[in-house]
Amino acid sequence: MSESTVQDMKLETAYSAVSDLYKGTGIDIHKACREMRQKSPIFEGDFIKQFGVPTNAGMEQSARKNFAVFRYADVMAVLRDASTYTSGFIAKGFGKAFDGGLTILAMDGEQHKSVRTLLQPAFMPATVNKWRERMDEIIRHDYLEKMVSDRKANLMDFALSFPIRIMYTLMGFPEDNPEKFRSYAAWALAMVGGNQIDPKKEQDAMKTALDAGKALYDSIMEIVVTRRAAGSEGDDLIGRLLRCEHEGRVLNDHEVVTFCRMLLPAAGETTTRTLSVVLTLLFETPGLIEEVRADRSLVAKLIDESVRYEPIATFKVREVAKDVEFYGVKVPKGSFIQCMVTSANRDEDVFENPETFDIHRKQKPSFGFGFGPHMCIGQFVAKLELNCAVNAILDLFPNVRLDPSMPKPVIEGAQLREAHEVHVIWD
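The rules behind the values
Residues numbered from 1 in each chain as written. Predicted model: local features only at pLDDT ≥ 70, side-chain atom pairs only at ≥ 80, totals over all residues. Heavy atoms only, no water. 1 Å grid on protein atoms, 1.4 Å probe; cavity = no way out; pocket = protein on both sides within 12 Å on 5 of 7 lines; lining within 4 Å. Points joined across faces, edges and corners; volume = space filled by probe spheres on them. Helix = DSSP H or I, 4+ residues; strand = E, 2+ residues; numbered from the N terminus. Nonpolar A, V, L, I, M, F, W, Y, C, P; charged D, E, K, R; others polar. Pairing = 2+ DSSP bridges. Contact = heavy atoms within 4.5 Å. Axes fitted to C-alpha atoms, helices over the stretch in contact; angles between N-to-C directions. Core = buried A, V, L, I, M, F, W, Y, C linked by side-chain atoms within 4.5 Å. Buried < 20%, exposed > 50% of the residue type's maximum accessible area, 1.4 Å probe, protein only. Parallel < 35°, antiparallel > 145°, perpendicular 65-115°, else oblique. Phe/Tyr/Trp six-rings, centres within 6.5 Å; stacked < 30°, edge-to-face > 60°. Lys NZ or Arg CZ within 6 Å of the ring centre and 35° of its normal. Left-handed = near helix turned anticlockwise from the far one by under 90°. Expected span 1.5 Å × (residues − 1).

Caption draft 1: Molecular detail of empty space enclosed by the protein. Per the counting criterion, the structure on display carries three cavities of 30 Å³ or more. Here the second largest cavity defines a volume of roughly 50 Å³. Every residue along the wall of the second largest cavity is listed here: Ile164, Tyr168, Ala185, Ala188, Leu189, Leu264, Pro265, Ala267, Gly268 and Glu269. Of all elements in the fold, only α8 (155-171) and α9 (179-192) reach the threshold of two or more residues within the lining of the second largest cavity. Taken together, the residues of the lining of the second largest cavity sort by class into eight nonpolar, one polar and one charged.

Below you can see the structure in the form of structure tokens.
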């Protein structure tokens with residue numbers, strides 16, 4: 001793909017391409033996992049292969065021994081032990097699109113701990129909660145209030161746009177041209193699209209991913225240089241990175257840029273997909289929308305239960321750093337182990353009636369935002385965005401409900417699950 005083509009890339013096109021890439025073969029992943037939980041707690045082989053979607057290992061996946069675990073305790077044990085089950089392999093798969101730049105997903109050990117310590121304060125509740133008012137203003141004023149008179153919408157049009165606008169604003173990108181955010185998000189998605197399992201598509205997809213990664217790098221660099229020259233002020237992420245010290249020195253421009261760029265592929269589209277799931281379950285569960293509309297304290301429970309019941313990322317992959325054993329099965333060093341998050345979240349030994357969507361269930365840790373050292377660094381931002389969005393929809397769209405003249409939303413995808421459309425009407 002030429003540089004001019006990358007510059008002209010549309011967000012909707014990039015988003016759809018990633019959705020198609022991770023949609024898979026149509027095999028029911030919940031059913032497949034349920035059968036494995038019941039008959040065999042560990043699978044010897046590439047369990048993911050049947051679904052036809054890539055993993056973060058890219059083409060490396062087929063070159064190694066693979067195993068899969070399905071039960072809650074086993075998934076937790078793997079994800080919490082970052083010394084035995086490592087992530088550095090991602091640099092050779094999905095991480096190749098970063099062309100040597102930093103990506104926190106592919107870090108292990110002290111490097112990961114150091115970078116996580118540097119970034120974490122900007123994403124903790126004490127900081128994130130200060131953003132609520134600005135988030136709410138963007139969601140309501142810039143998006144939903146303009147839609148009120150239409151009395152109908154595909155809420156996924158809104159869901160695709162607002163998380164990008166919010167996250168890029170909170171990171172410190174200039175707000176004078178919000179449409180630029182859509183280009184940045186399209187490039188970030190193109191980087192995700194470089195992770196292929198079809199050898200015939202790998203070269204072209206990676207070329208596009210690298211071109212998009214360079215375009216994103218150059219754009220962020222322009223912002224960082226301008227911000228540093230202006231004095232590096234502000235409580236946003238870029239401002240914080242420009243001022244902070246790391247390993248006894250101030251970060252240079254390249255480091256600030258690569259820190260920011262590594263966060264962007266997940267900064268918008270995961271919230272988009274999660275909102276589609278939250279809304280689908282809210283509208284389709286009998287009596288739930290009336291209950292939540294009357295008691296907004298239930299919105300947080302709605303989000304948590306949605307993430308348990310239908311996690312966007314259905315599995316996590318780790319590389320085994322030393323020989324281990326599960327249920328008498330030897331897993332040799334260098335193997336990949338596939339942690340089936342969507343299975344663990346419905347483990348009958350942990351969750352009562354796990355196949356039932358119930359926002360009133362006693363909350364237990366689930367794996368929708370990961371677990372352990374690599375737990376999603378932006379989870380509190382995402383939850384606040386989702387909370388603001390659901391509340392604003394209920395406030396501004398009276399008696400909002402699914403549009404009976406349009407197809408009902410369907411949650412699908414072997415990985416990156418979502419409902420592609422959520423058509424609603426209101427009074």
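Next comes the rest of the description.
Caption draft 2: Looking closely at the sheet that holds strand β7 (residues 316-320). Taking strand neighbours across the sheet as the criterion, the five strands line up as β1-β2-β10-β7-β3 in an open arrangement whose pairing is mixed. With partners counted over all chains shown, the strands left at the sheet margins are β1 (42-44) and β3 (85-86), one partner each. Here strand β2 (residues 66-69) pairs with strand β10 (residues 336-339) via four bridges, running parallel. The residue of β10 that forms the bridge with Val69 is Cys339. This element, helix α4 (residues 72-80), spans β2, β3, β7 and β10 of the sheet and lies at about 125 degrees to β10.

Caption draft 3: Structural view of the nonpolar core. Of all hydrophobic cores here, the largest spans 127 residues; its most connected members are Tyr168, Phe173 and Leu241. Per-element accounting of this core gives the leading share, twelve residues, to α8. In contact with Tyr168, not counting residues within four places along its chain, are Phe173, Phe181, Tyr184, Ala185, Ala188, Leu264 and Ala267. By size, the runner-up hydrophobic cluster in this structure holds 22 residues, among which are Tyr72, Leu79, Val320 and Val329.

Caption draft 4: Seen up close, the packing of helix α5 (residues 109-119) against helix α12 (residues 253-263). Between α5 and α12, whose axes approach to 13 Å, the crossing angle comes to 85 degrees. In terms of axis orientation, α5 runs roughly perpendicular to α12. Of the residues in α12, those in contact with Val115, Leu118 and Leu119 of α5 are Phe259, Met262 and Leu263. A breakdown of the residues in the contact of α5 with α12 according to their chemical character gives six nonpolar, no polar and no charged.

Caption draft 5: Layout of the packing of aromatic side chains. Overall, the coordinates contain 19 aromatic pairs when judged by the stated rule. Note on Tyr184 and Trp187: the rings are 5.9 Å apart at their centroids and 50 degrees apart in plane angle, and the pair reads as tilted. Of the two residues, Tyr184 and Trp187 both sit in helix α9, three residues apart, roughly one turn of that helix. Exposure remark for Tyr184: the relative accessible area of 8% places this residue in the buried category. The exposure class of Trp187 is buried, given its relative accessible area of 4%. Members of the aromatic cluster, joined through ring pairs, are Tyr168, Phe173, Phe181, Tyr184 and Trp187. Sitting above the plane of the Phe351 ring, Arg308 keeps its charged end 5.3 Å from the centroid. Arg346 extends its terminal NZ or CZ atom over the ring of Tyr309, reaching a point 4.0 Å from the ring centre.

Caption draft 6: Region of the structure containing the environment of Lys152. Relative to the assigned elements, Lys152 resides in strand β4 (residues 152-154). In sequence terms Lys152 and Val115 are 37 residues apart; their C-alpha atoms lie 44 Å from each other. Look past the residues within four positions of Lys152 in its chain and what remains in contact with it is Asp403, Val424, Ile425 and Trp426.

Caption draft 7: Focus on the pairing of β10. Of the two faces of β10, the one lined by Phe336 and Gln338 and the one lined by Ile337 and Cys339 are each fully buried. Bridging between β7 and β10 involves four bridges; their strand directions are antiparallel. Paired with Glu319 across the bridge in β10 is Phe336.

Caption draft 8: Broad picture of the pairing of β2. Because side chains alternate across β2, one face comprises the buried residues Asn66 and Ala68, and the other comprises Phe67 and Val69, equally buried. Note: β1 against β2, three bridges, orientation antiparallel. Bridging from a neighbouring strand, Ile42 pairs with Val69 of β2.

Caption draft 9: Summary view of the packing of helix α2 (residues 11-23) against helix α13 (residues 269-284). Contact pair α2 / α13: the axes reach a minimum separation of 12 Å and the direction vectors enclose 70 degrees. Viewed along their axes, α2 and α13 adopt a mutual orientation that is roughly perpendicular. Relative to α13, the crossing made by α2 is right-handed. In contact with Tyr15, Val18 and Ser19 of α2, α13 contributes Glu269, Thr272 and Arg273. Counted by class, the contact of α2 with α13 contains two nonpolar, two polar and two charged residues.

Caption draft 10: Main features of α8. In this model α8 runs 25 Å from its N-terminal to its C-terminal C-alpha over 17 residues, within 8% of the 24 Å that 1.5 Å per residue would give. Most of α8 sits inside the fold, with 16 of its 17 residues counted as buried. Of the residues flanking the end of α8, it is Gly172, one or two places downstream, whose phi is positive at about 110 degrees.

Caption draft 11: Broad picture of the sheet that holds strand β11 (residues 401-402). Read from one edge to the other, the open sheet built from three strands follows the order β4-β14-β11, with strand pairing classed as antiparallel. Among the strands making up the open sheet, the edge pair consists of β4 and β11. Pairing analysis gives two bridges linking β11 to strand β14 (residues 423-425), with the strands arranged antiparallel. When the bridges of β14 are listed, Leu402 appears paired with Val424. Each of β4 and β14 is contacted by α8, which is oriented at about 55 degrees to β4, the strand it contacts most.

From the geometry alone we can't say anything about function, so treat these as descriptive.
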